[in-house]
Amino acid sequence: MKILITGATGLVGSKLSEVLRAAGHKVNYLTSREEAIKSEPDNQGYLWDVKAMTIDPGCIDGVDTIIHLAGESVFQRWTDEAKEKIMASRVNSTQLLINLLNDTNHNVQHAITASAIGIYPDKWEGPPMKENEVPPTADNFLGEVCVAWESIGMQFKELGLKHAIVRIGIVLSAKGGALEQMAKPVKLYAGAGFASGKMWQSWVAIDDLAGIFKHITENQLQGTYNGVAPVPVRNRPLMETIGKVLDKPVFLPNVPAFMMKLMLGEMAATVLSSQYASSSKIQDSGYSFKFSELKPALEKYLD
Ligand SMILES: NC(=O)c1ccc[n+]([C@@H]2O[C@H](COP(=O)([O-])OP(=O)(O)OC[C@H]3O[C@@H](n4cnc5c(N)ncnc54)[C@H](OP(=O)(O)O)[C@@H]3O)[C@@H](O)[C@H]2O)c1
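Just so it is clear, the model here is predicted, and its values are computed rather than measured.

Rules of the game
Residues numbered from 1 in each chain as written. Predicted model: local features only at pLDDT ≥ 70, side-chain atom pairs only at ≥ 80, totals over all residues. Heavy atoms only, no water. Helix = DSSP H or I, 4+ residues; strand = E, 2+ residues; numbered from the N terminus. Rg over C-alpha atoms; globule rule 2.2 N^0.38 Å. Buried < 20%, exposed > 50% of the residue type's maximum accessible area, 1.4 Å probe, protein only. Areas by Shrake-Rupley, 256 points an atom, 1.4 Å probe, with all protein chains shown as cover. Near = heavy atom within 4 Å. Polar contact = N/O pair within 3.5 Å; in protein donor to acceptor, adjacent residues only side chain to side chain. Nonpolar A, V, L, I, M, F, W, Y, C, P; charged D, E, K, R; others polar. Salt bridge = Lys/Arg side-chain N within 4 Å of Asp/Glu carboxyl O. UniProt positions renumbered as here; feature names shortened; annotations may be inferred. Pairing = 2+ DSSP bridges. Core = buried A, V, L, I, M, F, W, Y, C linked by side-chain atoms within 4.5 Å. Contact = heavy atoms within 4.5 Å.

Novice: Pulling in residues and values, what's your account of the overall build of the chain?
Specialist: From N to C terminus, the chain includes eleven helices and 13 strands. The C-alpha radius of gyration computed for the chain amounts to 19 Å, which stays within 12% of the reference 19 Å derived for 303 residues, consistent with globular compactness. The principal-axis extent of the C-alpha atoms belonging to the chain is close to 60 × 40 × 40 Å. Counting over 303 residues, the chain shows a buried share of 52%. Accessible area of the chain: about 13,400 Å², with a carbon and sulfur share of 52%.

Written out as structure tokens, the structure is:
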């Protein structure tokens, strides 16, 4: 298959591109940076500029599936300007892809768009949340972004394409992202949980997340799937397990919520909310996880 990936230069996209190509697929990708363009037989870059709403139409040649991951990082202070970029980069980029499909002869049959478990409202007890349990959605900016992102993605379906959404959890990888940020203080013996430490953190190993996108692509699945591991953990045990794997015990008391809010502002919502998401739908569709439990994943990705 030939797959067009947006965000292919990022944490998730670069792994996904590698996994798809290793399985014999060809990848086209869109990037906003000229220096990130490669021209290889199975890996061809194209330029787009989401702000200017321009896109190289060649990106769609021979493509069967679009995987849309691109978006401004949410891990920054949520100033008004940052919020505008976070929202616009997702909504406008999706619109740009839809415009291209509308204006071009193409063979695309399937679109898979990213979203995040940030769409779920806090859940502290009871069973993990399934894909059909929203609305209600999280009452914060991330919830708003996910709703806007998912609803504009529905236009792929209106164009007659099959459409799937992956609500991505906290991605664990050896190459940066959330795990690097969580491990940094632990390495300095300054690791701690946040607030009550009881927030659910629905994580996913990068190898599994790439595997989930590949599984959805190859099986042309439709609908919404949580991209999370089968065994989520709460915040304090997560930090303590990082400490165990690094052999640097986590002994400090948790950082109070008000301190997190002072340090991070409104963005503290990303670390203080309790997102408890179920992996059963993607498993029922035939996906087998490599990393169901946290510790083996941490042993693979931490050094
Ligand atoms: N990592 C996680 O824990 C996590 C959790 C939940 C959801 N997600 C979502 O999954 C997607 C991929 O995550 P990731 O961790 O791989 O992200 P990432 O490493 O930050 O990469 C995102 C990519 O999007 C492109 N991009 C960044 N800002 C952009 C902008 N303003 N306009 C257009 N394109 C822009 C960049 O590509 P170029 O520089 O090549 O243009 C970048 O490589 C994101 O949408 C993210 O919100 C991630």
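Now that the structure has been shown, the text picks up again.
Novice: Could you give me a rundown of the site of the ligand, with the residues and numbers involved?
Specialist: Contacts to the ligand come from 21 residues, most closely from T9, T31, S32, L69 and R90. The separation between a nitrogen atom of the ligand and a polar side-chain atom of E72 is 3.0 Å. In isolation the ligand offers 890 Å² of accessible surface; the protein chains occlude 79% of this area. When contributions to the shell around the ligand are tallied by element, the ones reaching two or more residues are α1 (11-22), α2 (80-103) and β7 (110-116). Each residue belonging to the shell around the ligand can be placed in one class, and the counts come to nine nonpolar, nine polar and three charged.

Novice: Which residues make up the pattern of salt bridges, and what are the values?
Specialist: The final tally for this structure, using the stated rule, is eleven salt bridges. K295 is the salt-bridge partner of E299, the closest N and O atoms lying 3.4 Å from each other. Of the two residues, E299 and K295 are both situated in helix α11 (residues 294-301); the distance of four residues between them amounts to about one turn of the helix. Salt bridges sharing common partners tie together K15, E18, D207 and K300.

Novice: Help me get a handle on the UniProt feature "domain: DUF1731" (unreviewed entry) in the chain, residues and values and all.
Specialist: The UniProt entry lists residues 255-299 under the feature "domain: DUF1731" (unreviewed entry), expressed in the numbering used here. The span residues 255-299 is 51% helix and 0% strand, and its two end C-alpha atoms sit 25 Å from each other.

Novice: I'd like a rundown of the pairing of strand β4 (residues 43-49), residues and numbers included.
Specialist: As paired strands, strand β2 (residues 26-31) and β4 are joined by five bridges and run parallel to one another. Across the sheet, the residue bridging to N28 is Q44, located in β4. Here strand β3 (residues 39-40) pairs with β4 via two bridges, running antiparallel. Residue pairing for β4: E40 is matched across the bridge by N43. Between β3 and β4, which pair antiparallel in sequence order, lie two residues. As paired elements, β4 and strand β5 (residues 54-55) share two bridges and run antiparallel to each other. Paired with W48 across the bridge in β5 is I55.

Novice: Tell me about the nonpolar core, and please be specific about residues and values.
Specialist: Core analysis: the biggest nonpolar cluster contains 56 residues, and W203, F213, I216 and I242 have the highest contact counts within it. Counting residues per element, this core draws most heavily on helix α6 (residues 206-218), which supplies six residues. Every residue in contact with I216, bar those within four places of it in the chain, is listed here: H110, I112, A164, V166, L221, Y225 and I282. In this structure, L30, L97, L100 and A111 belong to the second largest nonpolar core, which totals 21 residues.

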